[in-house]
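Structural characterization, general
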Amino acid sequence: MKLIKDKVAKLSFVALLLTVTAAMFYTPTASAHGEKSQAAFMRMRTIHWYDLNWSKEVLAVNDTMTISGKFLVFAGWPETVDKPESAFLNIGIPGPVFIRAGSWIGGQLVPRSVSLELGETYEFKVLLKARRPGDWHVHTMMNVEGGGPIIGPGKWVTITGSMSSFTNPITTLTGQTIDLETYNLSNTYFWHTFWYAIGVAWMVYWMRKPMFVPRMIAVDAGKGDSLITGTDKKVALAFAAGSIAIVAFTMQSTNSQYPVTTPLQAGLLRGMKPIEMPTPTVSVKVDDATYRVPGRSMNMTLTVTNNGDSAVRLGEFNTAGVRFLDANVTEDTTGYPDDLLAPEGLTVSDNSPLAPGQTRTIQVNASDAAWEVYRLADLIYDPDSRFAGLLFFHDENGNKQVVTIDAPLIPTFI
Ligand SMILES: [Cu+2]
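Report follows, based on the coordinates. Just so it is clear, the model here is predicted, and its values are computed rather than measured. Within every chain, residues take consecutive numbers counted from 1 along the sequence as written. Confidence filtering applies because this is a predicted model: local features only for residues at pLDDT of at least 70, side-chain atom pairs given and counted only at 80 or more, and all residues used for totals across whole chains, interfaces and linings. Computation of side-chain values: all heavy atoms of the structure, hydrogens and water removed.

Notes on a nonpolar patch on the surface
To keep it simple, the criterion reads: Distance thresholds for patches are 9 Å for like charges and 5 Å for nonpolar side chains (Val, Leu, Ile, Met, Phe, Trp, Tyr), applied to residues having over 30% relative accessible area and no salt bridge. The protein chains shown are the only cover counted for residues, whose accessible areas, like all others here, come from Shrake-Rupley with a 1.4 Å probe. Note on definitions: salt bridges are taken to be side-chain nitrogens of Lys or Arg within 4 Å of carboxyl oxygens of Asp or Glu. Under the scheme used here, helices are H or I runs from DSSP no shorter than 4 residues and strands are E runs no shorter than 2 residues, and both carry numbers assigned from the N terminus.
A surface patch of nonpolar side chains, about 1,000 Å² in accessible area, is lined by Tyr 196, Val 200, Trp 202, Met 203, Val 204, Met 207, Met 211, Phe 212, Val 213 and Ile 217. Going through the elements one at a time, α3 (185-207) and α4 (213-220) are the ones with two or more residues in the nonpolar patch. Sort the elements by how many residues they give to the nonpolar patch and α3 lands first, with 6 residues. When you line up the elements, Val 204 lands in helix α3.

This is how it looks when you write it as structure tokens:
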């Protein structure tokens, strides 16, 4: 009996060790960071990110890269998300593995929150400087006050090198060049330690003598005054006067060491310059749109009219960052994130060139694992079964034009 017990104990121990080891080595790599769990219709009907470009996929610590592109603030903005009256162009990374050296909307530096208009398209650029080695999934994103984070497509970027070599030099308007990575750190440490030590010294001064029971007895016996001696009063005065003197003196010396300081710069930036988008010469009417539940595709019936002077073909449908392409018309050359790119995801019933002046009704099928992986299929759980997206038409000269579509998206069940 004992033998069996020992064996069981031993085996349990081995099992425990294995579990712990397995847990230590199991590092799941998430391919999306937050956006998948957000309501599908919100992702489809808020901000459309497109023409994205990541200038690098691998870079060393201290090197810079840019993420640039355009975003369209969808006109049919959901009710439960405040209008982007006050929004902030952010970047989605796990802490400052990069630092944001600059960000621009329409050519203007945007270190503060900005006002965006529904229906407008803006051009943006973010300059990132690598700080921490590793593989990072870098997202463009927009924080909307009263709305939350609106997460754009994420792409894996690798940083090599060593974080200890990271520097962040800036030259102030007083002509001094400092490294923001370490600037003022020793000063911060010094003053916190200094005042902490004074606090401790005050406590230790009183803790030298018995603290509780004898004092309680003395107070109870009506001899409380005997507990504070003349020396104690002098020491208390020294601490009080000393503290005030140190504050006054060091404030003065700080002011003379840094004679020019300004308050924190803040305030909403209005008047962001949108792109003057040419009125599309292709007009599209969504006759109906459905998706299979369960399934990984959506179908649309579109009536397309070409009012331009060059024949066009449908090259892409883009919704919630997922790009469905018709490989016969276009291919991606920007290194768009694999998991969001369906290079042959778009099937069009008749995608022959649509001549100027012609109208054609087409069946369009957008199909890819991304529909399920990114949980756009979870629209079935949303309280507003409508979608929105961008269609890209290509003309004979290789010009591209964008048409926004939106319509109800009706589920079909098997
Ligand atoms: Cu991510």
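Topic: the sheet that holds strand β13 (residues 297-306)
Formally: At least two DSSP bridges between two strands are needed for those strands to be called paired. As a rule, the C-alpha atoms of each element are fitted with a line to give its axis, helices using only the stretch in contact, and angles between N-to-C directions run from 0 to 180 degrees.
Here 5 strands make up an open sheet; going across it, the order is β17-β18-β13-β12-β21 and the pairing mixed. Edge strands, defined here as strands with exactly one partner in the open sheet, are β17 (346-348) and β21 (410-413). On average, each strand axis in the sheet is tilted by 25° relative to the strand beside it, whichever way the strands run. Taken together, the 3 bridges between β17 and strand β18 (residues 359-367) define a ladder with antiparallel strand orientation. Along β18, the bridge assignment pairs Thr 347 with Asn 365.

Considering the environment of Arg 45
For the record, the criterion: Exposure is judged per residue with a 1.4 Å probe applied to protein chains only, and the accessible area is read against the type maximum: over 50% gives exposed, under 20% gives buried, and values in between give partly exposed. We call two residues in contact when some of their heavy atoms are within 4.5 Å. Under the rule applied, a polar contact is a pair of N or O atoms within 3.5 Å (in protein, one hydrogen donor and one hydrogen acceptor; residues adjacent in sequence only if both atoms are side-chain atoms).
Within the element layout of this structure, Arg 45 appears in the loop between α2 (40-44) and β1 (47-54). You can call Arg 45 buried: its relative accessible area is 2%. Distance in space between the C-alpha atoms of Arg 45 and Ile 410 is 16 Å, their sequence separation being 365 residues. Not counting residues up to four positions away in its chain, the partners in contact with Arg 45 are Phe 74, Gly 76, Trp 77, Pro 78, Arg 386, Phe 387, Ala 388 and Asp 406. Polar contacts involving the side chain of Arg 45 include one to the main-chain carbonyl oxygen of Phe 387, which spans 3.0 Å. A distance of 3.2 Å separates the side chain of Arg 45 from the side chain of Asp 406, its partner in a polar contact.

Thoughts on the packing of α3 against helix α5 (residues 230-257)
Applied cut-off: Between 65 and 115 degrees an angle is taken as roughly perpendicular, under 35 as roughly parallel, over 145 as roughly antiparallel, and anywhere else as oblique. Any residue that is not Ala, Val, Leu, Ile, Met, Phe, Trp, Tyr, Cys, Pro, Asp, Glu, Lys or Arg is counted as polar, Gly included; the first ten are nonpolar and the last four charged.
In contact at an axis separation of 11 Å, α3 and α5 are set at 170° when each is read in the N-to-C sense. It follows from the interaxial angle that α3 and α5 lie roughly antiparallel. Across the interface between the two elements, Trp 191, Phe 194, Trp 195, Ile 198, Ala 201, Trp 202, Tyr 205 and Trp 206 of α3 pack against Thr 231, Asp 232, Val 235, Ala 236, Phe 239, Ser 243, Ile 246, Val 247 and Thr 250 of α5. Class assignment of the residues belonging to the contact of α3 with α5 gives a composition of 13 nonpolar, 3 polar and 1 charged.

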